[in-house]
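# Report on the structure
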Amino acid sequence: MLRFDDLQLFVRAADLGSLSAAARVMDMSAAVASAALKRIEQQLGARLLARSTRSLRLTAEGEGFLEYARAALSNLDEGRRLLASGQDQVSGILQLSAPSDFGRNLLLPWLDEFQREHPKLTVRLLLGDRIADLFRQPVDIALRYGEPEDSSLVALPIAAQNRRVLCAAPSYLARHGEPRHLEQLAQHNCLLFMLGSRVHDHWSFHDGKREVSLTVSGDRFSDDADVVRLWAVAGAGIAYKSWLDVAADVLAGRLKVLMPELLCERAPLNLLCAHRAQLSKPVNLLREMLASRCARISSQFPTKSDVDH
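The name recorded for the protein in an unreviewed UniProt entry is LysR family transcriptional regulator, from Pseudomonas wuhanensis. As its UniProt record puts it under Sequence similarities (unreviewed entry), the protein is described as follows: "Belongs to the LysR transcriptional regulatory family."

It is worth spelling out the packing of aromatic side chains at this point. Counted by the stated rule, this structure contains six aromatic pairs. Measuring from ring centre to ring centre gives 5.7 Å for Phe10 and Phe65, while their planes differ by 40 degrees; the resulting arrangement is tilted. You can see Phe10 sitting in helix H1 (residues 4-16) and its partner Phe65 sitting in helix H4 (residues 60-88), a full 55 residues away along the chain. Overall, Phe10 belongs to the buried group, its relative accessible area being 1%. In this structure Phe65 comes out as buried when scored by relative accessible area, which is 17%. Judged by centre distance (5.4 Å) and plane angle (70 degrees), the ring pair of Trp243 and Phe301 falls under edge-to-face. You can see Trp243 sitting in helix H9 (residues 243-251) and its partner Phe301 sitting in the loop between helix H10 (281-298) and helix H11 (304-308), a full 58 residues away along the chain. Note on Trp243: relative accessible area 1%, which makes it buried. The partly exposed category is assigned to Phe301, whose relative accessible area is 33%. Taken together, the ring pairs connect Phe102, Trp110 and Tyr145 into an aromatic cluster.

Analysis parameters
Residues numbered from 1 in each chain as written. Predicted model: local features only at pLDDT ≥ 70, side-chain atom pairs only at ≥ 80, totals over all residues. Heavy atoms only, no water. UniProt positions renumbered as here; feature names shortened; annotations may be inferred. Phe/Tyr/Trp six-rings, centres within 6.5 Å; stacked < 30°, edge-to-face > 60°. Helix = DSSP H or I, 4+ residues; strand = E, 2+ residues; numbered from the N terminus. Buried < 20%, exposed > 50% of the residue type's maximum accessible area, 1.4 Å probe, protein only.

Structural data, given as structure tokens:
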């Protein structure tokens, strides 16, 4: 098989009319250049260059072969350029799974923008609140709240400091009053959702001195966490939700954060995949965008003074 650098040497020597000049341009010794020319002539079974101590000229066979050598080098260069441009572009299929409320209310518009920036990218999005999606469905990555239960998964933080908040609609609070102490939650309708295979009715808080946990109850629960958010906005009860999922409602006045002096449980958002080979260029670009957008929302997390005012 002909070597790429041997072809280059032959074309350079033909263009410059000197094997030694071609060797200097290609930063090789005259002996290496001579060996390369001899190698290509042996492989072709033809003499390409007629050489003397003072001159070099193409043979008839060399003139005929030169055109094909130039074309071969040109095609190889074009192929390398195509590969390089392909590596710069974001294309292919991005298959991901996300929690229902985060996916519908935040991720969807962000993905629209992401695809406008990378029009050759196809997105396949599955929404659901169970980590099993990562294994049962054809997805490359999954976005999930909480620490992964499976330690074999690769977990990359998107919003490591995200927490839950207690919240309710002003209309609900106007009818039932605003709880000022955790014990008063027993007198309120708490909106519940499925977390894994169980109802998430065990809520945890830290009051600055100790951790407090209590079991709550209500007249409805759903396996779709976004339904719980919608119930809360409609004034059906009190929700215990990720700040990322209710931030827009709180900032718009549709929901109010309750007992902001309490530190609610962490709900870190992670990007999960089975192995690092799935961290393609589209995935890494998406991860950077998500981390930036989530950081912006996290910076709006309310303090007690924010809520009081």
